[in-house]
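Listed here are the chains, written in short residue letters.
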Amino acid sequence: TMNSDQLKGQWKEMTGKVKEQWGDLTDDEITEAAGEREQLAGKIQNRYGKTREEALREVDEWLAAS
């Protein structure tokens, strides 16, 4: 299970996995998220039209599986 600190530290390596999970995010959006859980959830929320809670849950589930 990966936590937020590990995500930040391994962000460059994780960007490919982020792209696999949320393929509609642009490279710029992924770069802007910079491994921040809240930022990533915000990008997912905007791109996919999800609620904040849905986006955070998706990120948390993805982190737990990583």
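What counts and how
Residues numbered from 1 in each chain as written. Predicted model: local features only at pLDDT ≥ 70, side-chain atom pairs only at ≥ 80, totals over all residues. Heavy atoms only, no water. Salt bridge = Lys/Arg side-chain N within 4 Å of Asp/Glu carboxyl O. Helix = DSSP H or I, 4+ residues; strand = E, 2+ residues; numbered from the N terminus. Buried < 20%, exposed > 50% of the residue type's maximum accessible area, 1.4 Å probe, protein only. pLDDT = per-residue confidence, 0-100.

**Notes on the pattern of salt bridges**
- For the structure on display, the rule yields 9 salt bridges.
- The closest approach of N and O atoms between Lys 8 and Glu 36, which form a salt bridge, is 3.9 Å. Placement of the pair is Lys 8 in helix H1 (residues 4-9) and Glu 36 in the loop between helix H3 (27-33) and helix H4 (37-48), with a sequence separation of 28 residues.
- For Lys 8, a relative accessible area of 38% translates into the label partly exposed.
- Between Arg 52 and Glu 38 there is a salt bridge, with its nearest N and O atoms 2.6 Å apart. Of this pair, Arg 52 sits in helix H5 (residues 52-65) while Glu 38 sits in helix H4, and the two are 14 residues apart along the sequence.

**Observations regarding the confidence of the model for the protein**
- Summing up the model confidence of the protein, the mean pLDDT is 92 and the portion of residues at 70 or higher is 98%.
- The secondary-structure element of the protein with the lowest mean pLDDT is H1, recorded at 82, while H4 shows the highest, at 97.

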